[in-house]
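Chain by chain, the residues run as shown.
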Amino acid sequence: MKVCPQCSINKSDNEFYRRPRGGLQSYCKSCLKICYRGYRREFQRKQRQNPKYKARERIQQLERYRRDRKEMLMAYSRGTMQCACCGESEEDFLTLDHINGGGSKQKRELRGGSTRLMQILKKEKYPTGYQVLCMNCNLSKGKHGSCIHNSLRDRFLVKSRAS
């Protein structure tokens, strides 16, 4: 039996952590947890104000974003990572398209933009209803209701059948 100097309660030996070289810690486990929790919060608050920490954290966020984005694009393009309409394969030009529309509404509801959407899709194991398009095809689909490539193909097919 030992008395914790913090809470002044007489506790059994298994309520105290053991020291590496033998003996018991002065404070009981519950008091140490409270003490460390406060220390950890203060340390994290100071770290967030440190410019070096901020820069390192930003780099890690960007790396995580790129990795998650690539994983999402691979999942929705069935491993080919190219536009479903025109075949564009430059990763920077590719984006996620809501097949039935409603992307703007969903982003407003999520209040986190594309990063939040990627997290949700990953958590739900990439559900159906999305496809990979290049920015041109996606914007064209949003503005005209269908991609301009499809309109050009239709016009070409009509002309070739008429000939």
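Structural data are supplied above this passage.
What you see is a predicted model, and the numbers here were worked out from it, not measured in a lab.

> Just to check I follow, could you spell out unusual backbone geometry for this structure?
Of all residues except glycine, most have a negative phi; of all peptide bonds, most are trans. Positive phi outside glycine occurs at S8, with the angle close to 60 degrees. The topology assignment puts S8 in the loop between β1 (2–3) and β2 (10–11). Note on S8: relative accessible area 57%, which makes it exposed. Backbone geometry places Y126, a non-glycine residue, at a positive phi of 50 degrees.

> Looking at this structure, I do not really get the state of the cysteines. What am I missing?
Between two cysteines, a covalent bond joining their sulfur atoms is known as a disulfide. Summed over the entire model, instances satisfying the criterion amount to 0 disulfides. Left without a disulfide partner, C85 is nearest to the cysteine sulfur of C147, which lies 3.3 Å away. Using a relative accessible area of 15% as the deciding quantity, one classes C85 as buried. Take C147: its relative accessible area is 5%, and that puts it in the buried class.

> Explain the packing of helix α3 (residues 103–110) against helix α4 (residues 113–123) to me, please; I cannot follow it from the model alone.
Any two packed helices are characterised by the angle at which their axes cross and by the distance between the axes. Where α3 contacts α4, the axes come no closer than 9 Å and their chain directions differ by 90 degrees. Classified by the interaxial angle, the pair formed by α3 and α4 is roughly perpendicular. Packed against α3, whose contacting residues are Q106, K107 and L110, the element α4 presents G113, S114, R116, L117 and I120 at the interface. Looking at the contact of α3 with α4 residue by residue, the classes come out as 3 nonpolar, 3 polar and 2 charged.

> How should I be thinking about the layout of surface pockets in this particular structure?
Space left empty within the atom packing is revealed by a probe, the size of a water molecule, rolled over the atoms. Of the pockets and cavities examined, the largest pocket occupies roughly 450 Å³. Taken together, 19 residues make up the lining of the largest pocket; nearest its centre are T95, L96, H98, K107 and N138. Class assignment for the residues of the lining of the largest pocket results in 7 nonpolar, 8 polar and 4 charged. Here the second largest pocket is characterised by a volume of approximately 220 Å³. Forming the walls of the second largest pocket are R58, Q61, L62, R64, Y65, D68, T115, M118, Q119, K122 and Y126. Among the secondary structure elements, those contributing two or more residues to the lining of the second largest pocket are α2 (51–76) and α4. Per-element accounting of the lining of the second largest pocket gives the leading share, 6 residues, to α2. A class-by-class count of the residues in the lining of the second largest pocket yields 4 nonpolar, 3 polar and 4 charged.

> How should a positive patch on the surface be read in this particular structure?
Together, K33, R37, R40 and R41 give the surface a local cluster of positive charge. Looking at the secondary structure, you find R40 in helix α1 (residues 29–49).

> Can you walk me through the pattern of salt bridges in this structure?
Where side chains of opposite charge bring their charged atoms close, a pairing between them can arise. Going through the model one piece at a time under the given rule, you end up with 5 salt bridges. Put simply, E42 and R45 hold a salt bridge, and the shortest N to O gap is 2.4 Å. Of this pair, E42 and R45 are both found in helix α1, 3 residues apart, which corresponds to roughly one turn of the helix. The residue K141 makes a salt bridge to D97 at a minimum N-O spacing of 2.6 Å. Of this pair, K141 sits in helix α5 (residues 135–144) while D97 sits in strand β5 (residues 94–98), and the two are 44 residues apart along the sequence. Classification of D97 as buried rests on a relative accessible area of 5%. What you see here is one network of salt bridges that share partners, running through R67, D68, E71 and K122.

Reading guide: rules and limits
Residues numbered from 1 in each chain as written. Predicted model: local features only at pLDDT ≥ 70, side-chain atom pairs only at ≥ 80, totals over all residues. Heavy atoms only, no water. Helix = DSSP H or I, 4+ residues; strand = E, 2+ residues; numbered from the N terminus. Buried < 20%, exposed > 50% of the residue type's maximum accessible area, 1.4 Å probe, protein only. Disulfide = S-S within 2.5 Å. Axes fitted to C-alpha atoms, helices over the stretch in contact; angles between N-to-C directions. Parallel < 35°, antiparallel > 145°, perpendicular 65-115°, else oblique. Contact = heavy atoms within 4.5 Å. Nonpolar A, V, L, I, M, F, W, Y, C, P; charged D, E, K, R; others polar. 1 Å grid on protein atoms, 1.4 Å probe; cavity = no way out; pocket = protein on both sides within 12 Å on 5 of 7 lines; lining within 4 Å. Points joined across faces, edges and corners; volume = space filled by probe spheres on them. Patch = residues over 30% accessible without salt bridge, like charges linked within 9 Å, V, L, I, M, F, W, Y side chains within 5 Å. Areas by Shrake-Rupley, 256 points an atom, 1.4 Å probe, with all protein chains shown as cover. Salt bridge = Lys/Arg side-chain N within 4 Å of Asp/Glu carboxyl O. Lys, Arg positive; Asp, Glu negative; His and termini not counted. Charge placed at Lys NZ, Arg CZ, Asp CG, Glu CD.

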